[in-house]
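Now for the letters of each chain:
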Amino acid sequence: AARGLKSRCTAMAAFVRAGVPAPRVAGVSSGATRDARPARRDAVVACARGDPRSHANAALLSLAASSLLLAHPSAAQAETLREMTVAAGNAAFLEKEFTDLKYAGVKTVVPGLAGIEPGSDPVEAVRVTYDADKISHETLMRTYWQHCDPVNANGSFKESGARFKGAVWVADANERTEVETNLQRLENSGIFGFEASQQNGKTPKALVNVPVYDAPPTTFEPFPEESLRRLTLNPKGLEKEIKAREIYFKDLWGFVQFCADKVCGYVRFAPRCTNECLDVFPQYLARNAGVPPLEGNIKITGGSK
């Protein structure tokens, strides 16, 4: 038995030196399920432990054991995949915003038409699959809050009609509580504006364009291939929509440069995000730490353009 182990270990070490995968454990076929992978890994480790005469072989085989884990992610901790569906006008814009978060844990972004209820018109939406161990639902929703038009009862931004209305689908009670709580905080803060006739009273506009539904949508029809990545492949076709969103975003989430009490050089990010808005976007508390508020003897010198 010892002679057999020595022979197999020597062979494994040779494979590792050559830069190719270690040989399979006897009795484990190339088509075996992932349950066999721990056995292969254990065999490699056993070789490293059972060949005390060769420290070099032990080191190489330890490396091989680690490579098995790296080569087969299923042997490590599995991802926690979840889905989120949201709508905010032309789906090409949310498609790009969430695709840009793939580095942070977003896996797939599928634009399409989402059904709300039988007999009603579907809305353009995106279905986002993400790794909940890397990025939270609340973090993803911050991207949504910054790229939706919640006070528009007739659509979103420059797009009018039922097809372009906003919506959020929630998977469970926790997500519903999170979304509805932050929706109320944003409305209370007034970041999306105040009623024109109530400027003195500061009555915030109602966020009427973010209905919250139980997931999943009643239907979801993905767009055909030729309609994907429109903002990347054909931005000229969306120039008016792009401009409208840029103005909106910079107004709410851009920055201003200013002087306060004749001291210049201050920069405040998302200056309209105050009060309860900061409970939804706590990152702006950190970014604006030590910066005086935009009140009193203030002179604006620049900002987002």
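What counts and what doesn't
- Residues numbered from 1 in each chain as written.
- Predicted model: local features only at pLDDT ≥ 70, side-chain atom pairs only at ≥ 80, totals over all residues.
- Heavy atoms only, no water.
- Helix = DSSP H or I, 4+ residues; strand = E, 2+ residues; numbered from the N terminus.
- Buried < 20%, exposed > 50% of the residue type's maximum accessible area, 1.4 Å probe, protein only.
- pLDDT = per-residue confidence, 0-100.
- Contact = heavy atoms within 4.5 Å.
- Expected span 1.5 Å × (residues − 1).
- Arc of directions from axis to C-beta.
- Pairing = 2+ DSSP bridges.
- Axes fitted to C-alpha atoms, helices over the stretch in contact; angles between N-to-C directions.
- Phe/Tyr/Trp six-rings, centres within 6.5 Å; stacked < 30°, edge-to-face > 60°.
- Lys NZ or Arg CZ within 6 Å of the ring centre and 35° of its normal.
- Core = buried A, V, L, I, M, F, W, Y, C linked by side-chain atoms within 4.5 Å.

1. Some details on unusual backbone geometry
- In this model, A215 is joined to P216 through a cis peptide bond whose omega is -5°.
- Looking at where P216 falls in the secondary structure, it is placed in the loop between β7 (212-214) and β8 (220-222).
- Phi at R229 is positive, roughly 55°, even though this residue is not glycine.
- Secondary-structure assignment places R229 in the loop between β8 and α7 (230-233).
- According to the relative accessible area criterion, R229 is partly exposed, its value standing at 39%.
- The backbone of D261 sits at a positive phi, close to 55°, despite the residue not being glycine.
- Within the secondary structure, D261 sits in the loop between β9 (255-260) and β10 (263-269).

2. Let's talk about the confidence of the model for the protein chain
- When the pLDDT values of the protein chain are averaged, the result is 82; 73% of them are 70 or greater.
- Below pLDDT 50 for its whole length, residues 2-70 participates in 48 contacts with residues either more than four positions away or in separate chains.

3. Some remarks on helix α8 (residues 239-253)
- With 15 residues, α8 extends 20 Å from end C-alpha to end C-alpha; this agrees with the ideal 21 Å at 1.5 Å per step.
- Where α8 is concerned, the buried positions are E241, A244, R245, Y248, L252 and W253. Along the long axis of α8, the arc covered by the buried residues comes to 120°, so they all point the same way. Along α8, exposed side chains directed more than 90 degrees from the buried face belong to E239, K240, K243 and I247.

4. Things to note about the sheet that holds β9
- Judged by pairing direction, the sheet is antiparallel, and its three strands sit side by side in the order β10-β9-β11 without closing on themselves. Among the strands making up the open sheet, the edge pair consists of β10 and β11 (298-303). Mean inter-strand twist for the sheet, computed between neighbouring axes without regard to direction, equals 30°.
- Summarising the sheet, β9 and β10 pair through five bridges and their orientation is antiparallel. Bridge pairing in β10 links V256 to R268.

5. Overview of the pairing of strand β3 (residues 123-131)
- Taken across its nine residues, β3 has eight buried, putting it largely inside the fold.
- With six bridges joining them, strand β1 (residues 81-88) and β3 adopt antiparallel strand pairing. Residue V86 lies in a different strand from β3, and its bridge partner there is V126.
- Here eight bridges tie strand β2 (residues 106-114) to β3, and the two strands are oriented antiparallel to one another. Bridged to G112 within β3 is A125.

6. Some points on the packing of aromatic side chains
- Applying the stated criterion to the full structure yields eight aromatic pairs.
- A ring pair is formed by F281 and Y284, whose centres lie 6.1 Å apart and whose planes are at 45°; its orientation type is tilted.
- Connected via pairs of aromatic rings, a cluster forms that spans W253, F281 and Y284.
- The ring of F194 has K202 lying over it, and the distance from NZ or CZ to the ring centre is 4.9 Å.
- For R287, the ring lying beneath its charged end belongs to F269, and the centroid distance is 3.9 Å.

7. Examining the environment of P217
- Turning to its location among the elements, P217 is positioned in the loop between β7 and β8.
- Under the relative-accessibility criterion, P217 is labelled buried at 12%.
- C-alpha separation for the pair P217 and V86, spaced 131 residues apart in sequence, amounts to 9.7 Å.
- What P217 contacts, discounting residues up to four positions off in sequence, is T85, A114, G115 and W169.

8. As for the sheet that holds strand β6 (residues 166-170)
- On the basis of which strands lie adjacent, the open sheet formed by six strands has the order β7-β6-β1-β3-β2-β8 and mixed pairing. Both edges of this open sheet fall to β7 and β8, since each of them pairs with a single strand only. Direction aside, the axes of adjacent strands within the sheet are offset by 35° on average.

9. Let's talk about the nonpolar core
- Formed by 42 residues in total, the largest nonpolar core has its most connected members in F98, Y144 and W145.
- The element that contributes the greatest number of residues to this core is helix α5 (residues 137-146), accounting for four residues.
- Not counting chain neighbours up to four residues away, the residues in contact with W145 comprise V179, N182, L183, L186, F192, V210, W253, V280 and F281.

10. Brief notes about the pairing of β9
- Connecting the antiparallel pair β9 and β10 is a turn made up of two residues, with D261 showing a positive phi of about 55°.
- Where β9 meets β11, five bridges bridge the pair, whose relative direction is antiparallel. The partner of V256 across the bridge, within β11, is G303.

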